[in-house]
2 protein chains.
Amino acid sequence: MAVEQRVAERMAKDMKEISISEFFEKNRHLLGYENSTKALITIVKEAVDNSLDGCDEAGILPNIVVTLKQIGVDRFKIVAEDNGPGIVESKIPFAFGKMLFGSKFHRLKQSRGTQGIGISGAILYSQLTTGKPAKIISSTGGKIHEFELMIDTVQNEPSVASHITHTNKERWHGIKIELEAEGNYIERYQSIPEYLRQTAIANPYAHIVYNGPNGTLKFDRTTNIVPKQPKEIKPHPYGIELGILRRMLAMTRTKNLRAFLMRDFTRVGSRSAEQIFRLAKLESSRKPKSLDAEESERLHKSLQMVKLIAPPTNCLSPLTEQLIENGLKKELNAEYFVAVTRPPSVYRGNPFQVEVGLAYGGDLNPNSAAILYRFANKVPLLYHQSSCAITKSVEAVDWKRYGFQHPNSSVPVGPLVILVHFASVWVPFTSEGKQAIATYPAIMKDIKLALQDAGRKLAKFVRQKKQARDKQLRRQLFERYIPELAGSLSKLTKKEKNSIISNLEEIIKAGGSRISESKKIKKEKEE
Amino acid sequence: MAVEQRVAERMAKDMKEISISEFFEKNRHLLGYENSTKALITIVKEAVDNSLDGCDEAGILPNIVVTLKQIGVDRFKIVAEDNGPGIVESKIPFAFGKMLFGSKFHRLKQSRGTQGIGISGAILYSQLTTGKPAKIISSTGGKIHEFELMIDTVQNEPSVASHITHTNKERWHGIKIELEAEGNYIERYQSIPEYLRQTAIANPYAHIVYNGPNGTLKFDRTTNIVPKQPKEIKPHPYGIELGILRRMLAMTRTKNLRAFLMRDFTRVGSRSAEQIFRLAKLESSRKPKSLDAEESERLHKSLQMVKLIAPPTNCLSPLTEQLIENGLKKELNAEYFVAVTRPPSVYRGNPFQVEVGLAYGGDLNPNSAAILYRFANKVPLLYHQSSCAITKSVEAVDWKRYGFQHPNSSVPVGPLVILVHFASVWVPFTSEGKQAIATYPAIMKDIKLALQDAGRKLAKFVRQKKQARDKQLRRQLFERYIPELAGSLSKLTKKEKNSIISNLEEIIKAGGSRISESKKIKKEKEE
């Protein structure tokens, strides 16, 4: 046998499937566990994100309690409990002990989690660093189920160590998860308190209690209104990929192309459908499954050429301008607040919506770089700021136009906080750890537009403020010389000095405002 | 039924497994397909990396031909062929049409690919953007097998459209892959030619031909020696995680702890084993499976406390200092070249080795930021430079000590090319697209040490060059005044002018070298 053949056969013998858990066990940094400080934050984040999603889903006002206790030099016990709908008994082991398992991946609807990786990743990290099982306690209102489980990484299946049930007289529902993990605890900058503080800004209807190693932090709810639950939608034809279209054609339950377009997509009416068929040179009565490669491609091209209205917004749950302003006002002592919610847009068939909030002046440091709060589907992003589409969009805006210093390829300098919320049925994160948004051009464009819109409003305020100050200065200057001037005029004209003074004061007031008005108009024309 | 229960049951019904192919279909940016320019580069990279790995594995001098042809406005046909060992018939569909499938994931040995994701990712992107199957032709020397296949993303299984066989009179072996994909072609900066050029630097034994849209590029091999094939090793006890240790204890075939430590790990001899057992207060005759959680933890701690020699280097295949210098000399017209290969080190139980090459002066621009070539297991990294451990290490070194300008948190400025090669049995990439190395502290530390070592050598050269120039200038200055001075001295002393001139010249020569010697010693002490 030739050497190549022997090598090929040896390699063939070694070839096998790799379980997704084994993959993330080796690549735990992809999930946010590259160091023990970040690990603790990631665990808390995964638990809290799931709790908020669960409560949203059931329309429950969230009550979340997170407890973190140091139990060794570099070891912590983390407990997170919510009052959500809970998980039915049979699914508990899989929801926590199997990766790529969940209810949110296959639907188009805004939610915090989607991947079915987050919380099982936390359990994976826990067992990797401490060798101990996780404890999951849950009830949907009936019996309380208590599981101790680990992940069998070779199989990517839950391995249940124990399962006991408790009676539930109080009809408690929710999830409580207890983990031990290696960690390092900090409270400043990128930290659990900071993550919870920003979470509270974007989720003011949540009540969150944090029992940390140095005491308790409470984030009270500032509203009792649960945001309207977003609706699941069909994909929008814009930006849908040919490969996805072909799979949809092969798997649809519809009998003809007309029904396929109108039922399996959003925003295709009968008139648009007719237009598409004309462009694609296809009969509307054709069976979807019967289209060959070339015909599918024609259909695909035509879908992009027809004018369709934007996707419905009810699959999205924006923060709203009001809430952004309130959230910033609660946290920051600034002079001016402005928020902008853009109309929804589409990338790769996925609807998304961008919101921006700015806080300016007051206690904010005028000489430091602007502070950036990034959110994706109401979840604060604390890491990987420099590789995030939000940061790159902030850097790409010309902040000098709005009166800020703006060093090349960085954020502007000034007394400014910039909040950006990206809401989408599918957030394209740069890694499974979900800390930065990928730089898709369609997304960057919308973030920039929102920033510019808010920037213009802020600039107007700053300008008016500056004009008011200038006017004030001018007036003070004139006023200082009025008595002297009036004295001279009085001698020349033989009129009474006091009436000259009040006349001069009148002139200054009127002239000042006339000047600033005309300047303002000129400046706006320049923009 | 309470609302929570209804919601929980509805959610339970929606819960299901997510296939890894579906996951990457939605998250194709994780694999390097976030835009159509990068997509073409990624496809070529995945094919070439696999070809080089295959040839290495069989000890074959690689002949690789890549052809890229534009066949539509934004559509390309990519063909990549090698002379490697090929893949046995039964495994072809899985190696190309199933994600997380491969021979390299479970072993500890340096190779370019490891994840079993790369080439199937290219096929996934191809079918997503064109809806067309990929063609795979392979032989191990017997019959030639030709497959047309796609990936069934719902199942993560290959879907074979056709399979035909050809006779193979010439006993060809290798793999040829043909894909169509959406793309955008460029030839500058981050591009296919640049990727191949850097690949040729790190793989001088490979012959690579590239038939691009604008003509043919040839990269001839500069050596006929295939690097020694690295050996598979057992894990090293340093940095191994408790969870992994517990799994190893549960799954080992050894009968007692003594055999477990000595056979399932590298670098544990009988003396180290005894030491470990003493520290862990465990009997060496204990059955590995019998250890409880607490005992495993004691064993784990003790493993980290015993002094063990570094892991064997034969699992790694460094470029070598010689090859780095040759590679840089071939590509760059510089004045001075230096290379440093560090001794191997360990992170999380994985051996790794860092190499650095510097090229200085000559045609390199003295006023621009240093150019950085990053390599991981001989593969050039073109993207995500700012988030890579290599870049962060370069930024963290104090280049001012080596005579360079060094703006805060960026690369140094000067006529400098910095090449860094990170070789490991497991490279912790920041995403599946494998373009940047995660910032593990142990890795950053070793890269910095290698950079500092090379930096000191370079600084010595730069200093000597500067001293030589200073000396030269000094001499020229003195020499200009010697005749005049000698004339005056001659008049004063009544000695012959010419002999005074030659005496003065002697003094200048000796004095010059004495001065520069003492300066040199002083400077080195400062370091």
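The rules behind these values
Residues numbered from 1 in each chain as written. Chains lettered and ligands numbered in written order. Predicted model: local features only at pLDDT ≥ 70, side-chain atom pairs only at ≥ 80, totals over all residues. Helix = DSSP H or I, 4+ residues; strand = E, 2+ residues; numbered from the N terminus. Rg over C-alpha atoms; globule rule 2.2 N^0.38 Å. Buried ≥ 20, exposed ≤ 12 C-beta atoms within 10 Å, placed from the backbone. Contact = placed C-beta atoms within 7 Å. Pairing = 2+ DSSP bridges. Axes fitted to C-alpha atoms, helices over the stretch in contact; angles between N-to-C directions. Core = buried A, V, L, I, M, F, W, Y, C linked by C-beta atoms within 7 Å. Least-squares fit on C-alpha atoms with pLDDT ≥ 70 in both. Domains from an automatic or database assignment. Nonpolar A, V, L, I, M, F, W, Y, C, P; charged D, E, K, R; others polar.

A. Spotlight on the overall build of chain A. Within chain A, the regular secondary structure consists of 14 helices and 16 strands. The C-alpha atoms of chain A give a radius of gyration of 30 Å, which is well past the 24 Å a tight globule of 527 residues would have. Projected onto its principal axes, the C-alpha positions of chain A cover 120 × 70 × 60 Å. For chain A, with 527 residues in total, the buried portion stands at 48%. Across chain A, every contact between residues at least 6 apart in sequence was considered, and the portion connecting residues at least 24 apart equals 71%.

B. Looking closely at the sheet that holds strand β5 (residues 134–140) of chain A. Residue and element names in this part refer to chain A. Taken together, eight strands build an open sheet; the order of strands is β7-β6-β5-β8-β3-β2-β9-β10 and the sheet is mixed. The open sheet has two edge strands with one neighbour each: β7 (157–166) and β10 (215–219). Put simply, the sheet's adjacent strands are angled 15 degrees from each other on average, direction ignored. Of the pairings in the sheet, the one linking strand β3 (residues 75–81) to strand β8 (residues 173–182) comprises seven bridges and is antiparallel in character. Note on β8: the bridge partner recorded for Lys 77 is Glu 180. Here helix α6 (residues 192–202) sits on the sheet and contacts β2 (63–72), β9 (207–212) and β10; the angle it forms with β9, its principal contact strand, is near 170 degrees.

C. Just the interface of chain A and chain B, in detail. Taken together, the contact between chain A and chain B spans 61 residues of the former and 61 residues of the latter. Taken together, the elements giving at least two residues each to the side of chain A that touches chain B come down to α1 (3–14), α2 (20–26), α3 (36–58), α4 (92–97), β4 (101–102), α5 (118–130), α7 (242–251) and α10 (293–305) of chain A. Take the side of chain A that touches chain B: its biggest share by element is nine residues, from α1 of chain A. Sheet analysis places strand β1 (residues 16–17) of chain A next to strand β4 (residues 101–102) of chain B, joined by two bridges and oriented antiparallel. Bridging across to β4 of chain B, Lys 16 of chain A finds its partner in Gly 102 of chain B.

D. Structural context of the nonpolar core. Among the nonpolar cores identified, the biggest contains 272 residues, and Val 44 and Ile 437 of chain A together with Val 44 and Ile 437 of chain B are the most heavily contacted of them. When neighbours within four sequence positions are excluded, Val 44 of chain A is seen to be in contact with Val 66, Ile 78, Ala 80, Ile 192 and Tyr 195 of chain A.

E. Broad picture of the relation of the copies chain A and chain B. The transformation that overlays chain A on chain B combines an axial shift of 0.1 Å with a rotation of 180 degrees, and the residual RMSD is 0.3 Å. Taken together, the rotation and translation describe the operation of a two-fold axis. Taking the C-alpha atom as reference, chain A places Ser 431 of chain A closest to the rotation axis, 3.0 Å from it. Most of the interface of chain A is mirrored in chain B: 100% of its interface residues are interface residues there too.

F. How the structure looks around the domain arrangement of chain A. All names here are of chain A. Each assigned domain of chain A is listed here: domain 1 (20–219), domain 2 (242–305), domain 3 (313–460) and domain 4 (464–526). Placing the centre of domain 1 and that of domain 3 at their C-alpha centroids yields a distance of 28 Å. Listed by partner, the interface residues are 24 residues for domain 1 and 26 residues for domain 3. For the side of domain 1 that touches domain 3, the secondary structure elements donating two or more residues are α3 and α6. Ranked by the residues each element gives to the side of domain 1 that touches domain 3, the list is headed by α6, at six residues. Across the side of domain 1 that touches domain 3, the residue classes break down as nine nonpolar, ten polar and five charged.

G. Layout of the pairing of strand β6 (residues 144–152) of chain B. Residues and elements named next belong to chain B. Pairing of strand β5 (residues 134–140) with β6 involves five bridges; the strand directions are antiparallel. Looking at the pairing, Ile 137 lines up with Glu 146 of β6. Taking the residues that link successive antiparallel strands as the turn, the β5-β6 hairpin has three residues, and the phi of Gly 141 there is positive, at about 120 degrees. Here β6 runs beside strand β7 (residues 157–166); their pairing, made up of nine bridges, is antiparallel. The residue of β7 that forms the bridge with Ile 144 is His 166. Hairpin connection, β6 to β7: the antiparallel pair is bridged by four residues, and Asn 156 has positive phi, about 50 degrees.

H. Molecular detail of the sheet that holds strand β9 (residues 207–212) of chain B. Residues and elements named next belong to chain B. If you walk across this open sheet you meet the eight strands as β7-β6-β5-β8-β3-β2-β9-β10, and the pairing is mixed. What marks the edges here is a single partner per strand, and that holds for β7 and β10 (215–219). Between one strand axis and the next, the sheet turns through 15 degrees on average, direction left out of account. Of the strand pairs in this sheet, β5 and strand β8 (residues 173–182) are connected by six bridges, and their pairing is antiparallel. When the bridges of β8 are listed, Ser 138 appears paired with Ile 175. The sheet strands contacting helix α3 (residues 36–58) are β2 (63–72), β3 (75–81) and β8, and the helix crosses β8 at an angle near 170 degrees.

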